[in-house]
Amino acid sequence: MRRLIPPSPSKLVVFAILAFFLLWWVPFSHVLPEGFPLRFGTYRTFQGSMIAMWAIVALGLNILTGYNGQISLGHSAFVAVGGYTAAILMVDYGWPFWATIILGGIIAGTLGFLIGIPALRLTGPYLAIATLGLALATPQILKKYDGLTHGTQGINVRPDVPASPQFIEDWFGIKVSNDEWIYFLALFIAFLMLILAVNIVRSRVGRAFVAIRDSEIAAQAMGISVPRYKTIAFAISAFYGGVAGGTYAQVVGYVSPESFNFLLSINFLTTIVIGGLASILGSVLGATGLIVVPELPGLIDFIPGASLPSELSWAFYGAALILVMIFAPYGLAGLFDRLVRLRPAMILKKLSSAYERSSGALRSVRASPGQAEPPPEDRAPEDEPDAEKR
Amino acid sequence: MEEFWQQVVTGIATGSVYGLLALAVVLIYRSTGVLNFAQGEMAMLTTFVAWSVLQWGEYWVMFPLVLIIAAGMGAFIERVIIRPVEGASVLNIVIVTLGLFAILNNVATWRWGGIPKGFPAPPEVEVTGIRFMGEGALDIGPTVVSYHDLTILIFAVGIMLALYLFFQFTPLGLAMRATAQNPVASRLMGIRVGRMLTMGWALSAAVGAVAGLLIAPLILLQPPMMIGVLLFAFAAAVLGGLDSPVGAVVGGLIIGITENLVGTYTPAEWLGPDMKLTVTLLIIVVVLLIRPTGIFGRRTMRRV
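As the structure is a prediction and not an experimental result, all values here were calculated from the model.

## Observations concerning the overall build of chain A
Per the secondary structure count, chain A includes 16 helices and 2 strands. Within chain A, buried positions represent 42% of all 390 residues. Long-range pairs, those at least 24 residues apart, make up 75% of the contacts in chain A with a sequence separation of at least 6.

## Some words on the overall build of chain B
A count of helical and extended segments in chain B gives 11 helices and 4 strands. For 304 residues, the compact-globule estimate of 2.2 N^0.38 gives 19 Å, and chain B sits close to it at 19 Å. Overall, chain B is about 60 × 50 × 40 Å in size when its C-alpha atoms are taken along their principal axes. In chain B, which comprises 304 residues, the share counted as buried stands at 49%. Within chain B, residue pairs in contact and separated by at least 24 positions form 72% of the contacts whose partners lie at least 6 positions apart.

## Things to note about the environment of V279 of chain B
Following the sequence through the fold, V279 of chain B ends up in helix α11 (residues 276-290). Sequence separation between V279 of chain B and T266 of chain B is 13 residues, and the spatial gap between their C-alpha atoms is 9.7 Å.

## Details of unusual backbone geometry
In terms of backbone geometry, most residues other than glycine have negative phi values and most peptide bonds are trans. Residue and element names in this part refer to chain A. Of note in the backbone geometry, H150 takes a positive phi value of approximately 65° without being a glycine. Secondary-structure assignment places H150 in the loop between α6 (146-149) and β1 (155-156). For H150, a count of 20 C-beta atoms within 10 Å corresponds to the buried category. Unlike most non-glycine residues, A278 shows phi in positive territory, near 55°. Within the secondary structure, A278 is located in the loop between α12 (262-275) and α13 (280-292).

## Quick notes on helix α4 (residues 90-112) of chain B
Over its 23 residues, α4 of chain B runs 33 Å from end to end, which matches the ideal 33 Å to within 8%, given 1.5 Å per residue. In terms of burial, α4 of chain B is largely enclosed, as 17 of its 23 residues are buried.

## Quick look at the environment of M1 of chain B
Residue and element names in this part refer to chain B. Mapping M1 onto the fold places it in the segment before α1 (2-32). Since 7 C-beta atoms lie within 10 Å of it, M1 is described here as exposed. The spatial distance from the C-alpha of M1 to the C-alpha of T143 is 9.2 Å, given a sequence separation of 142 residues.

## Notes on the interface of chain B and chain A
If you look at the interface, chain B gives 39 residues, while chain A gives 34 residues. Among the elements of the structure, α4, α9 (225-240) and α11 of chain B are those that each provide at least two residues to the side of chain B that touches chain A. With 15 residues, the top contributor of residues to the side of chain B that touches chain A is α4 of chain B. Of the residues belonging to the side of chain B that touches chain A, the class tally is 29 nonpolar, 8 polar and 2 charged.

## Digging into the confidence of the model for chain B
Residue and element names in this part refer to chain B. Predicted confidence across chain B gives a mean pLDDT of 86, with 94% of residues reaching 70 or more. When pLDDT is averaged over each helix and strand of chain B, the minimum, 67, is found for strand β2 (residues 130-132) and the maximum, 93, for helix α2 (residues 39-54). Both scores are given for the predicted complex: the pTM is 0.84, the ipTM 0.85.

## Section: helix α15 (residues 331-341) of chain A
For α15 of chain A, the set of buried residues is G331, L332, A333, G334 and D337 of chain A. Buried positions along α15 of chain A lie against α12 and α13 of chain A.

## What to know about the domain arrangement of chain A
By the assigned domains, chain A splits into domain 1 (1-40) and domain 2 (41-300 + 312-329). For the side of domain 1 of chain A that touches domain 2 of chain A, a count of residues per class yields 4 nonpolar, 1 polar and no charged.

## What to know about the packing of α12 of chain A against α15 of chain A
A pair of packed helices is captured by two measures, namely the crossing angle of their axes and the spacing between those axes. All names here are of chain A. Running from N to C, α12 and α15 cross one another at 15°; their axes reach a closest spacing of 3 Å. In this view, α12 runs roughly parallel relative to α15, as classed from their interaxial angle. Here α12 contributes V273, I274 and G275 to the contact with α15, which in turn contributes G331, L332 and A333. Its residues placed into classes, the contact of α12 with α15 shows 4 nonpolar, 2 polar and no charged.

Analysis parameters
- Residues numbered from 1 in each chain as written.
- Chains lettered and ligands numbered in written order.
- Predicted model: local features only at pLDDT ≥ 70, side-chain atom pairs only at ≥ 80, totals over all residues.
- Helix = DSSP H or I, 4+ residues; strand = E, 2+ residues; numbered from the N terminus.
- Buried ≥ 20, exposed ≤ 12 C-beta atoms within 10 Å, placed from the backbone.
- Contact = placed C-beta atoms within 7 Å.
- Rg over C-alpha atoms; globule rule 2.2 N^0.38 Å.
- Expected span 1.5 Å × (residues − 1).
- Nonpolar A, V, L, I, M, F, W, Y, C, P; charged D, E, K, R; others polar.
- pLDDT = per-residue confidence, 0-100.
- Domains from an automatic or database assignment.
- Axes fitted to C-alpha atoms, helices over the stretch in contact; angles between N-to-C directions.
- Parallel < 35°, antiparallel > 145°, perpendicular 65-115°, else oblique.

Encoded structure:
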């Protein structure tokens, strides 16, 4: 029933700009003349693909951690399963890429379901460290059992990654390079997973996740099977990890045990907390932030006279994490929420009502000098983000 | 049999270091409920400071000086970086400690460079004719123990004992425990809760610094040196029970010994030294499944 009203014109404009940016500017702006502001090269297109892949993991992890309240530091393992499934099937068995991504997601989801069962007994930091063990073990397992995984040398997927099809050039007259084609693929997969996530979160299952997060006992009393939904959350989340892994294999074109070390898991958790827990928008913003923020120190060079030693770029990143957590405890999504509420019309309204109040108070003071009335107490309601988010 | 004892003794030594860092982790966890991911990097940075101090000073002059510097750094971090997010959710504070991790690691690389440096073990000390610390090894019947391994064990046990006495019998220690248990009631009793939290971080940083000083001679001094140790320390703290200091040290010892035995005695074809980390972690997970809050951990009551 929500979508019966057509979106407002301002929203349509925002969507149009966003679509233009994602579908044309990121892949094709390199055709613009050299020195054009914000002109993106091939590396930026690659980063766009990485953001898409990263957003898929973030969506999945956010369903588990943000909506269901189970902390996982083991998601690099699920991404590894997806990545290796895609790489092995494409290189050694000649499967088409789309089938390997789906199968990788299903295998990772099954693994997630199996891990979700023992995880039922653990909570908070104990669960975090147990899943961190999974992430630590993954590279070792991949190296040790090299009959299937090709061991430490990894698998080069590049020759088997789908090439840009000819029909696009025939039909539209645009030459799309292979990297640009991969970007569109990654963007498309991420878009599908985004729609899926929105629907899961709004469904009965999604509401059960949130109920369990807020109080397991209360959820149980409402007739929600806590073990069932907790393992389902793990399975869905791992499925997202697997799909992201398959996408990773296409985007990067190479998988190796060290591509999936535990630091990746920690970065995933950072992504969703920085983006905003229990927020779909937050997952996407977090993924974008994680890829873009390490690039920001380079921007300081544009300010004349200012410079940052390049060896300190990681410290800059750490400081950015701390500052976001201090000034935006609900992450980038919370910040976005607050910005949206600060619409110019709103500010004008607030100002005018404040003016009315002060002039009203003045008038009453003038009317009865000597016994000033206290100003009316109707303050504007506070613009805090929803208490539902943790 | 000699090899078995050799492995056990080596395991005890590395396990003691895991235990010490786990102790530091537990000290912060008990008061704030946060796993401090920057604990290892704090220890690494103080060890680098120690290295710089050693360029002009004696070992036993450096030792107390570095502990004071470490405590000051811990207090500073709590006041300036952790205090602003005190009321936020646990995950937020965890991310702040990850940010701290990045900063400390980067600053150490920037200031001291990434090339591994040798770091001295504590020099020889003689007390009433018995020799402690220094170079060489001691024959203890079934096997030999290097003096440095003994030193590590002595320090771990000594620090645990000192902390036990501190928390059990001194007014400050009792106040800190009270704060960890119930901040609101403690404040009502006139304890300065904020100050106690700062003290907790200072104490934890100092204990971590000892762990760094003792492990540095075994694994060369370099910026990433504490990452592996910290992961084992986390595992040790979780295995022992996150709110139990005794559990931290016991957990560290168990992990140190298990790791060595798994590396030596499992078939090398499909397990062996390459998989010792994986098998050790698997054992920890199995223990956690039987006791979800660790071996010495308190079970929490749940109320609706």
